[in-house]
Amino acid sequence: MGALMLDITLLGLGIIGATAFLGIAVNGIGNKLFSREKKDEFLSKARSYQDTWRNVGGTPK
């Protein structure tokens with residue numbers, strides 16, 4: 001009975017691990033292949049918002 005539980009546990013961990021790894025791998029490959037001109041879309045939008053913020057605190061250098 002203990003061997004069966006060990007087998008089921010190892011199988012479950014293997015499936016979960018493979019799913020997690022493949023999700024990250026496929027996401028990375030998809031971003032490289034299909035994101036051509038939109039690579040920095042979110043970063044540039046965040047930077048454009050932050051450029052208008054005032055600097056607060058500390059002493060100017």
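Analysis parameters
- Residues numbered from 1 in each chain as written.
- Predicted model: local features only at pLDDT ≥ 70, side-chain atom pairs only at ≥ 80, totals over all residues.
- Heavy atoms only, no water.
- Helix = DSSP H or I, 4+ residues; strand = E, 2+ residues; numbered from the N terminus.
- Rg over C-alpha atoms; globule rule 2.2 N^0.38 Å.
- Buried < 20%, exposed > 50% of the residue type's maximum accessible area, 1.4 Å probe, protein only.
- Areas by Shrake-Rupley, 256 points an atom, 1.4 Å probe, with all protein chains shown as cover.
- Patch = residues over 30% accessible without salt bridge, like charges linked within 9 Å, V, L, I, M, F, W, Y side chains within 5 Å.
- Salt bridge = Lys/Arg side-chain N within 4 Å of Asp/Glu carboxyl O.

Time to look at the overall build of the chain. Helices and strands together make up the secondary structure of the chain, namely two helices and zero strands. Taken over C-alpha atoms, the radius of gyration comes to 23 Å for the chain, far larger than the 10 Å a tight globule of 61 residues would show. A principal-axis box enclosing the C-alpha atoms of the chain has dimensions of 70 × 35 × 15 Å. Going through the 61 residues of the chain one by one, you find that 2% of them count as buried. Looking at the chain as shown, the accessible area adds up to about 6200 Å², and 66% of this sits on carbon and sulfur atoms.

Once that is clear, we can look at the environment of Lys 32. In this fold, Lys 32 is placed in helix H1 (residues 2–34). Taking the C-alpha atoms as reference, Lys 32 lies 42 Å from Leu 4; in sequence the two are 28 residues apart.

The next point concerns a nonpolar patch on the surface. A cluster of nonpolar side chains, namely Met 1, Leu 4, Met 5 and Ile 8, defines an oily patch on the protein surface of about 470 Å² accessible area. Its location among the elements puts Ile 8 in helix H1.

The next point concerns the environment of Thr 52. You can see Thr 52 is positioned in the segment after helix H2 (41–50). According to the relative accessible area criterion, Thr 52 is exposed, its value standing at 64%.

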